[in-house]
Amino acid sequence: MNIRKALPLVVFLLAGPATAGTGNNLSAEDIARIKQVHSKYEEAWLKGDADGVRALFTEDCVLLPPHGDKPRIGQKGLNEYWFPPDGPPTKITKLVVTAQGIGGDGQIAYAWGTDEVAWTTEQNGKTTSASHKGIFLNVLEKQANGQWKMSHHMWDQAVEHH
């Protein structure tokens, strides 16, 4: 291949990824609403409000749990993973979700950042505590009413048992 003909293509390919990620067409109101989704997520978990958590996700949501666990699809998959009817009583005692980046195009958005969570589980009369710090990536879809819901939620963590 002629280097003079290939050079513009190479420059385009190298510059493309750098400029593709810089466009953020979210309004200040959209960004505020996306931050609010994450605040409501924290609040719902801390209150033990399973319906409040579910309401923040689309019907066809996808959970991508840590450590290569299988994807959970739709509200059914979300319930099976987080709210199994035969699961031990679990209480979230701490949840801090810190979005470090938010972007998107006004209909689809992403948020990524860090989280800290702690919880207790009761089983066979014994209460155990666990916690972790981790990272997350959420994809959100703007709904017809202007609100945002999570369509994809991915996270990873380092587990620390107490």
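Starting from 1, residues in each chain are numbered consecutively following that chain's sequence as written. Under the rules for a predicted model, residues below a pLDDT of 70 receive no local features and side-chain atom pairs below 80 are neither given nor counted, while totals for whole chains, interfaces and linings still include all residues. Side-chain figures throughout are based on the complete set of non-hydrogen atoms in the structure, without hydrogens or water.

(A) Looking closely at the overall build of the chain. Tallying secondary structure elements over the chain gives four helices and six strands in all. Secondary structure elements are taken from DSSP: a helix is a run of H or I of four residues or more, a strand is a run of E of two residues or more, and numbering for both begins at the N terminus. Along the chain, helices (α) and strands (β) appear in the sequence α-α-α-β-β-α-β-β-β-β when read from the amino end. When accessible area is computed with a 1.4 Å probe and restricted to protein chains, residues below 20% of their type maximum are described as buried, those above 50% as exposed, and intermediate ones as partly exposed. Of all 162 residues assigned to the chain, the portion counted as buried reaches 35%. Note on contacts: a residue pair is in contact if any heavy atoms of the two residues lie within 4.5 Å. Sequence separation of 24 or more characterises 56% of the internal contacts of the chain that already satisfy a separation of 6 or more.

(B) Structural view of the side chain of H132. Within the secondary structure, H132 sits in strand 5 (residues 126-142). Given a relative accessible area of 9%, H132 falls into the buried group. Polar contact is defined as a pair of N or O atoms within 3.5 Å, subject to the rule that within protein one atom must be able to donate a hydrogen and the other to accept it, and that residues adjacent in sequence are counted only when both atoms are side-chain atoms. Separated by 3.3 Å, the side chains of H132 and Q157 make a polar contact.

(C) Layout of the packing of aromatic side chains. Classification of ring pairs rests on two measures: the distance between centres of Phe, Tyr or Trp rings, Trp counted by its six-membered ring, which must be within 6.5 Å, and the angle between planes, read as stacked under 30 degrees, edge-to-face over 60 and tilted in between. Inspection of the entire model under this criterion finds nine aromatic pairs. Members of the aromatic cluster, each reached through a chain of ring pairs, are Y41, W45, F57, Y81, W82, F83 and W155.

(D) Molecular detail of the pairing of strand 3 (residues 90-104). Both strand 3 and strand 4 (residues 108-123) contribute to a ladder of 13 bridges, which runs antiparallel. Of the residues in strand 4, the one forming a bridge with T90 is T121. Hairpin connection, strand 3 to strand 4: the antiparallel pair is bridged by three residues, and G106 has positive phi, about 100°. Any two strands are treated as partners once DSSP identifies two or more bridges connecting them.

(E) Fine view of a nonpolar patch on the surface. Nonpolar side chains collect at one region of the surface, where Y110, W112, L137 and M154 lie side by side and expose about 370 Å² of accessible area between them. If you trace the backbone, W112 turns up in strand 4. A residue is classified by how much of its surface remains accessible, and W112, at 40% relative accessible area, is partly exposed. Each patch is built from residues that are more than 30% exposed by relative accessible area and take part in no salt bridge. Like charges join if they lie within 9 Å; nonpolar side chains (Val, Leu, Ile, Met, Phe, Trp, Tyr) join within 5 Å. Only the protein chains shown count as cover for residues, and all accessible areas are computed by the Shrake-Rupley method using a 1.4 Å probe. Salt bridges are counted wherever a side-chain nitrogen of Lys or Arg sits within 4 Å of a carboxyl oxygen of Asp or Glu.

(F) Up close: the pattern of salt bridges. A full pass over the atoms with the stated rule returns six salt bridges. In this structure, R54 engages D51 in a salt bridge whose closest nitrogen and oxygen atoms are separated by 2.6 Å. Of this pair, R54 and D51 both sit in helix 3 (residues 50-54), separated by three residues, roughly a single helical turn. What makes D51 exposed here is its relative accessible area of 57%. R72 is the partner of D69 in a salt bridge, and the nearest nitrogen-oxygen pair spans 3.4 Å.

(G) Fine view of the nonpolar core. Put simply, a nonpolar core is a bunch of buried Ala, Val, Leu, Ile, Met, Phe, Trp, Tyr and Cys residues held in one set by side-chain atoms that sit within 4.5 Å of each other. Among the nonpolar cores identified, the biggest contains 27 residues, and I34, Y41, W45, V53, F57 and W82 are the most heavily contacted of them. Where this core is concerned, the elements lending two or more residues are helix 2 (28-47), helix 3, strand 1 (57-64), helix 4 (74-82), strand 3, strand 4, strand 5 and strand 6 (148-161). If you tally residues by element for this core, the top one is helix 2, at five residues. With residues near it in sequence (within four places) discarded, I34 still touches L26, I102, A109, A111, L140 and W148.

(H) Structural detail: the confidence of the model for the chain. Per-residue confidence for the chain averages 87 on the pLDDT scale, and 83% of its residues sit at or above 70. The low-confidence segment residues 3-22 (pLDDT under 50) makes one contact with residues lying over four places distant or belonging to another chain. Values of pLDDT, which run from 0 to 100, indicate the predictor's confidence residue by residue.

(I) Spotlight on the side chain of E42. Among the secondary structure elements, E42 is positioned in helix 2. No salt bridge is formed by the buried E42; the nearest opposite charge belongs to K94, separated by 10 Å. Of the polar contacts made by the side chain of E42, one reaches the backbone nitrogen of V97; its length is 2.5 Å. Not counting residues up to four positions away in its chain, the partners in contact with E42 are L95, V96 and V97. Positive charges are assigned to Lys and Arg, negative charges to Asp and Glu, while His and the chain termini are left out of the count.

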